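In case you want the letters, here they are:
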Amino acid sequence: ARGSMSSHGLRARTEQENEDMAPSKRTRGAKPSASIPDPSAGTAGASPSKKVKTEGAWVDVVKVEGQQNEVEKKTFASTPPKIDTGGVGKSKRASFASPPSTSIVPAVGGGAVAVAASPYPEMKRPTIEECWFARDALAQLHSTFFDTIESQHHGGGNALGPGSVTPALLAPAPVPADAVITSTAIVPVVPGLTVLEQPAARKCVLDSLVGTILSQNTTDSNSHRAFGILKARFPTWESVRVAKPKLVEDAIKSGGLAEIKVTRIQVILNTLVEERGQACMEYLRGMDDEAAKKELSRFKGVGPKTVSCVLMFCLQRAEFPVDTHVWKIAAGLGWVPKSATRDTAYEHLNRRVPDACKFDLHVLLVEHGKVYKNDVKWLKQAVQQQLAGKGEVGWAEALDQPGGIKAAAEQHFAIKSGNGGVCG
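Residues numbered from 1 in each chain as written. Predicted model: local features only at pLDDT ≥ 70, side-chain atom pairs only at ≥ 80, totals over all residues. Heavy atoms only, no water.

**Q** Help me out: how do you make sense of the pattern of salt bridges in this one?
**A** Side chains bearing opposite charge may pair, as long as their charged atoms lie close to each other. Enumeration according to the criterion identifies 18 salt bridges in this entry. Put simply, E130 and R125 hold a salt bridge, and the shortest N to O gap is 2.6 Å. Given a relative accessible area of 1%, E130 falls into the buried group. Note on R125: relative accessible area 23%, which makes it partly exposed. Note that E238 and R241 form a salt bridge whose closest N and O atoms lie 2.8 Å from each other. Of the two residues, E238 and R241 both sit in helix α6 (residues 237–242), three residues apart, roughly one turn of that helix. Look at R241 and you get partly exposed, because its relative accessible area is 21%. Connected via shared salt-bridge partners are R135, D136 and D360. (Salt bridge = Lys/Arg side-chain N within 4 Å of Asp/Glu carboxyl O. Buried < 20%, exposed > 50% of the residue type's maximum accessible area, 1.4 Å probe, protein only. Helix = DSSP H or I, 4+ residues; strand = E, 2+ residues; numbered from the N terminus.)

Structure follows, in structure tokens:
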């Protein structure tokens, strides 16, 4: 569950998230150190057991004779660590050991699946505290944006990420005479409730996937407009599949590279019909993360960022997509090497950013990159000062200056909202 909003306009962390911020609790017999670790330091003294993150609690993987990769649940202390969350940037967090560069996750049908090693196993940044401090500072700077993101996320997240449609984005467009008018939304029916009491429809996986494909190599406003027109002219994915490519290209031309994108989208739709009898990908909801990634990645034009966006925004998994903004800011902060590609940056950051922090930090870094053209000067100062125990001195004071850094953030969000932009 996501926490309630604090007096700072930020979400107060849940007990589980606070526990996630004190990883020293995950290692048997380990004691929190009294000081914040050096971000460049190694993990000396950490338990030799491999830590494994599942959808629930952290567990240790222990080699058991005669069995391979036996998973034994971790025993936590009965009382979670006490962490002061009374003020953003002022909380006293326990120190921690860095997470492992490799992990083993439970596989469908038993056993375990080894996940590829980090491309930068010797790089111990970002630390967990760096991630949370960056998130807290950015949430104060982009407070109006973040408040909207939180509200939309609590509402089910259908307005977040690619593949979302809002009334402002639906440009008037004629519907082909042969189009079949049926909804592609998935509406779970709850027994005992009237039609008006039923839960809101949730965005289907294909909406998210196609919307993300349309967002490639273009601006948010152009891709959102392309998706809105596509949905207005072709209300079902079956109608997109059987349509003449030129008609679909005309619908999405505002997003650019229309011919290439339509070819890839129709190949995906045809493959689904050939293999499963219908243009639908809701079966991904029943797959674990690695299986879902493998299924999506087999299609041409569906790379790591597209896959990660579908998992995070639509399937609501603990993923950390790395777009151009996240990539450049991470390099500027020293979280990935300057030579890192966007794909290797994803492989590294997706392992190091805490699961509970991934969604917030991703959307905030993207927004920050758009407003300040990936400049990291203020953010770097905010993180460093918090790591040094200086709280909100300096970096937070800059937020209150008239016409300063926060004013630019508010103005950017106001313009984007006025243009019908979709958060995230």
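**Q** Even after reading the chapter, I still don't get helix α11 (residues 324–333), so can you show me in this structure?
**A** Working note: α-helix, 3.6 residues per turn, so residues spaced by three or four point in the same direction. In terms of burial, α11 is largely enclosed, as seven of its 10 residues are buried. Within α11, burial applies to H325, V326, I329, A330, A331, G332 and L333. Packed against the buried residues of α11 are α12 (342–352), α13 (355–372) and α14 (377–387). Backbone nitrogen of H325 and a side-chain oxygen of the N-cap are separated by 3.1 Å at the start of α11; the cap is D323. Looking at the residues trailing α11, positive phi occurs at G334, about 80 degrees. (Contact = heavy atoms within 4.5 Å. Polar contact = N/O pair within 3.5 Å; in protein donor to acceptor, adjacent residues only side chain to side chain.)

**Q** Sorry, what's going on with the packing of aromatic side chains here?
**A** Evaluation of the coordinates by the stated rule reveals four aromatic pairs. Relative to F359, the ring of F313 lies with its centre 6.1 Å away and its plane at 80 degrees, an arrangement referred to as edge-to-face. Linking F313 in helix α10 (residues 304–314) with F359 in helix α13, this pair joins segments that are 46 residues apart in sequence. Here the two residues F313 and F359 agree in accessibility, since each one is buried. An angle of 70 degrees between the planes, with centres 5.8 Å apart, marks the rings of W378 and W395 as edge-to-face. Residue W378 is found in helix α14, and its partner W395 is found in the loop between α14 and α15 (405–418); the two are separated by 17 residues along the sequence. W395 matches W378 in its accessibility class, with the two residues each being buried. Against the face of Y283 rests R276, its NZ or CZ located 3.4 Å from the ring centre. (Phe/Tyr/Trp six-rings, centres within 6.5 Å; stacked < 30°, edge-to-face > 60°. Lys NZ or Arg CZ within 6 Å of the ring centre and 35° of its normal.)

**Q** Looking at this structure, I do not really get the nonpolar core. What am I missing?
**A** Generally speaking, a soluble globular protein has its nonpolar side chains buried in company with each other. Judged by nonpolar contacts, the single largest core of 54 residues is most densely connected at F320, L349, L361, L365, W378 and L379. Broken down by secondary-structure element, the contributors of at least two residues to this core are α2 (128–141), α3 (143–154), α10, α11, α12, α13, α14 and α15. The dominant element in this core, judged by the number of residues it contributes, is α13, at 10 residues. Not counting residues up to four positions away in its chain, the partners in contact with L365 are L138, F320, H325, V326, I329 and L379. If you look at the next biggest cluster of nonpolar residues, it comprises 37 residues, including A226, A258, I268 and A292. (Core = buried A, V, L, I, M, F, W, Y, C linked by side-chain atoms within 4.5 Å.)

**Q** Whenever I open this one, the confidence of the model for the chain confuses me. Can you help?
**A** When pLDDT drops low, the exact placement of atoms in the prediction is not to be read closely. Taken residue by residue, the chain gives an average pLDDT of 73. The fraction at 70 or more is 61%. Low pLDDT, under 50, characterises residues 420–424; the stretch is placed with 24 contacts to residues that sit more than four places away or in other chains. (pLDDT = per-residue confidence, 0-100.)

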